Amino acid sequence: MCEMYLTRKLAFQGVNNESSVNVDSNKHAFPDHDHDHEKEEEDRGGDTASSHGSSACVKHVEELEMLLEAYFVEFDGTLNKLCHLRDYVDNTENYINLMLDKKQNQLLQMGVMLTTATVVVTAGIVVVSLFGMNIHIELMADPETPEMARIKNMKFWETTWGTVAGCAAIYLLAIYAGKKSKYLQ
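Residues numbered from 1 in each chain as written. Predicted model: local features only at pLDDT ≥ 70, side-chain atom pairs only at ≥ 80, totals over all residues. Heavy atoms only, no water.

**So, the overall build of the protein**
Step number 1: Regarding its fold elements, the protein presents four helices and zero strands.
Step number 2: Along the protein, helices and strands appear, N-terminal first, in the series α-α-α-α.
Step number 3: A separation threshold of at least 6 residues defines the contact pool for the protein, and within that pool the share at least 24 residues apart is 60%.
Step number 4: Of the roughly 15,500 Å² of accessible surface on the protein, 64% is carried by carbon and sulfur atoms. (Helix = DSSP H or I, 4+ residues; strand = E, 2+ residues; numbered from the N terminus. Contact = heavy atoms within 4.5 Å. Areas by Shrake-Rupley, 256 points an atom, 1.4 Å probe, with all protein chains shown as cover.)

**Points about the confidence of the model for the protein**
Step number 1: For the protein, per-residue confidence averages 75 on the pLDDT scale, and residues scoring 70 or more make up 63% of the total.
Step number 2: Note on residues 23-49: pLDDT under 50 across the span, and ten contacts to partners over four residues away in sequence or across chains. (pLDDT = per-residue confidence, 0-100.)

**Observations regarding the side chain of threonine 163**
Step number 1: Secondary-structure assignment places threonine 163 in helix 4 (residues 146-180).
Step number 2: Excluding residues that lie within four positions of it along the chain, threonine 163 makes contacts with Gly124 and Val127.

**A word on helix 4**
Step number 1: For helix 4, with 35 residues, the first-to-last C-alpha span of 50 Å sits near the 51 Å given by 1.5 Å per residue.
Step number 2: Within the span of helix 4, buried status applies to Lys152, Thr163, Cys167, Ile175 and Gly178.
Step number 3: With its phi angle positive at about 65 degrees, lysine 182 sits one or two positions after the end of helix 4. (Expected span 1.5 Å × (residues − 1). Buried < 20%, exposed > 50% of the residue type's maximum accessible area, 1.4 Å probe, protein only.)

**As for the side chain of threonine 116**
Step number 1: As for its placement among the helices and strands, threonine 116 is situated in helix 3 (residues 48-132).
Step number 2: For threonine 116, a relative accessible area of 18% translates into the label buried.
Step number 3: The contact partners of threonine 116, leaving out residues within four places of it in the chain, are Tyr171 and Ala174.

**Quick notes on the environment of alanine 117**
Step number 1: Tracing the chain through its elements places alanine 117 in helix 3.
Step number 2: By relative accessible area, which is 24% here, alanine 117 ends up partly exposed.

**Topic: a nonpolar patch on the surface**
Step number 1: A surface patch of nonpolar side chains, about 430 Å² in accessible area, is lined by Leu82, Leu85, Tyr88 and Val89.
Step number 2: Secondary-structure assignment places leucine 82 in helix 3. (Patch = residues over 30% accessible without salt bridge, like charges linked within 9 Å, V, L, I, M, F, W, Y side chains within 5 Å. Salt bridge = Lys/Arg side-chain N within 4 Å of Asp/Glu carboxyl O.)

Okay, here's the thing in structure tokens:
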């Protein structure tokens, strides 16, 4: 922690350099006194600059710890917010994908139903085409009597409604088969 006080470290290095110059010049002047002083420093576990720096460091460690703790709390809060935001975005993305899948399934089902309806209508067109050919059948003959015209008219409507009912029945049967096999819902 003490190493994080870069300004103080730089100031102590400046003081340390000045004191080492003073100590070196004093060594020659008072060799016995410096020898005793060095013994004291060794007994205390370091030189005077480092012991002075460590005592100054101890004073400010609590301030530094409080500052670092405040930053840690701030970073932790920001990290939690980002994690929650990421989870929210992931959940929203999953929800949108589910909604798109549901709409896609509905469109596919509508396509299947319309295709089935087209096939059934085509079957009705086949019946109409058969009656529209130039073949001689009793229904297409010129009526000789009004009774015969009425019978032909009735047979025409029976054939028309029979074709429509047959197409509707085939369509409902195809839809029922699709729902039973779970292709349609």
